[in-house]
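# Structural description and commentary
So the chains spell out like this:
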Amino acid sequence: MSLHAYEDEWRIQRFLNTYRLRLKKWNMAANVNLPAFFIAEDPYNGTLYISVRGTQHVNDVFTSFQTNVTRLQVYRNHSHVLVHAGFLHSAKCILEKEIAPVLQRNPNRNIILTGHSLGGAVATLLTVLLVRGRETAYPYKSLRAVTYGAPPSVASNLHLPELLSVSMEGDLVPRLSMQNAMLIRDFYLNTSCPSNHFDQTPPLDALLVPGTIYWIYPGGGTKGTYPRKHDEAFVRIVDQVEHNKLVLGWHIFEHHTLAVYKKNLKSLRDEFYKDMFRRKAEHEHPESDTAPKQMKLIKPRNLRKSLSKGKEGLKFCMNILGSEYEI
């Protein structure tokens, strides 16, 4: 669904019709502090799907470059939290003009938020506002959010269990906090930087990517103790400190594209189903040697166990992205 936020109304409508969803709102005219988005509805259970588009217009760039930090009052366990001012203003506009009126007319709905890049950051702030934005909770039934390559937008001391943040290993944008931007500047301007220049721990008030973070390693090559076959991706859950470490290289912007996310999520999905069929075959024929070759264990058991951690949760992320759609 994040992928289709970049398309025109006709293509969005065709995608939604495939899964019997109804387009409620379509706004592709991006303005400063109001990115393009669309809202879809499931006519059978009333679930709302909000997909926010990433940077595609010059006004989106102006929204992203409003890097000043503002204090947001939140309720339930926190009094104030630091957030990105530009993303917060965009989230407030969408919430007050589109989402809140729908919830007032028809409460107790399920809400699913998603977005890529700038859209992911706005979806993150929408999650914060809906969950803890006011003393009296909004009348929704459940809320889940999935973001892809979202830039840092919320201080590290805010816990958001409703949010899944997906990030590619080489994507620079989710790690482009103000602290890391200064580290990159010093690295290129100062030739005598120490070897641990990028290993600094972010301060408590630094803006980072919140939620449960899934770090995708793309297919091909090796990374530390994680060997991979060609075109075989894997994923693991990381904390905010590890995720914030910079990984510089030629791929820092290529890995930010939504096409790269979709390709690697598709690889993870195929690997997930292959493992599921293999486990089923082993369960039905524990002593048999006639199982198909593609169902045999490829990796050592302990390594495969660590790499497959998080694949169940990522199935939801793959569905929202559009490589498969089942909620």
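See above for the structure.
Summary of the structure given here. (Residues numbered from 1 in each chain as written. Predicted model: local features only at pLDDT ≥ 70, side-chain atom pairs only at ≥ 80, totals over all residues. Heavy atoms only, no water.)

What follows deals with the environment of Ile39. Mapped onto the fold, Ile39 is located in strand E2 (residues 37–41). By relative accessible area, Ile39 is classed as buried at 6%. Setting aside anything within four residues of it in sequence, one finds Ile39 in contact with Arg22, Leu23, Lys24, Lys25, Leu48, Tyr49, Ile50 and Glu98. (Helix = DSSP H or I, 4+ residues; strand = E, 2+ residues; numbered from the N terminus. Buried < 20%, exposed > 50% of the residue type's maximum accessible area, 1.4 Å probe, protein only. Contact = heavy atoms within 4.5 Å.)

With that settled, the discussion passes to the pattern of salt bridges. This model, assessed by the stated rule, comprises five salt bridges. Here Lys24 and Glu41 are joined by a salt bridge, their closest N and O atoms 3.9 Å apart. Remark: Glu41 occurs in strand E2 and Lys24 occurs in strand E1 (residues 22–27); sequence separation between them is 17 residues. Given the relative accessible area of 38%, Lys24 is considered partly exposed. Its relative accessible area of 7% is what places Glu41 among the buried residues. In this structure, Arg236 engages Glu242 in a salt bridge whose closest nitrogen and oxygen atoms are separated by 2.4 Å. Residue Arg236 is classed as buried on the basis of its relative accessible area, which comes to 15%. Each of Arg22, Lys24, Glu41 and Arg109 takes part in a single network of salt bridges with overlapping partners. (Salt bridge = Lys/Arg side-chain N within 4 Å of Asp/Glu carboxyl O.)

This paragraph deals with the packing of aromatic side chains. The tally for this structure, following the rule as stated, stands at three aromatic pairs. Measuring from centroid to centroid gives 5.4 Å for Phe15 and Tyr19, while their planes differ by 65 degrees, and the two rings are edge-to-face. On the basis of an interplanar angle of 75 degrees and a centroid distance of 6.3 Å, the ring pair of Tyr148 and Tyr261 is categorised as edge-to-face. With Tyr148 in strand E7 (residues 140–148) and Tyr261 in helix H7 (residues 258–284), this pair connects stretches of sequence that are 113 residues apart. Neither Tyr148 nor Tyr261 differs from the other in exposure class; each is buried. (Phe/Tyr/Trp six-rings, centres within 6.5 Å; stacked < 30°, edge-to-face > 60°.)

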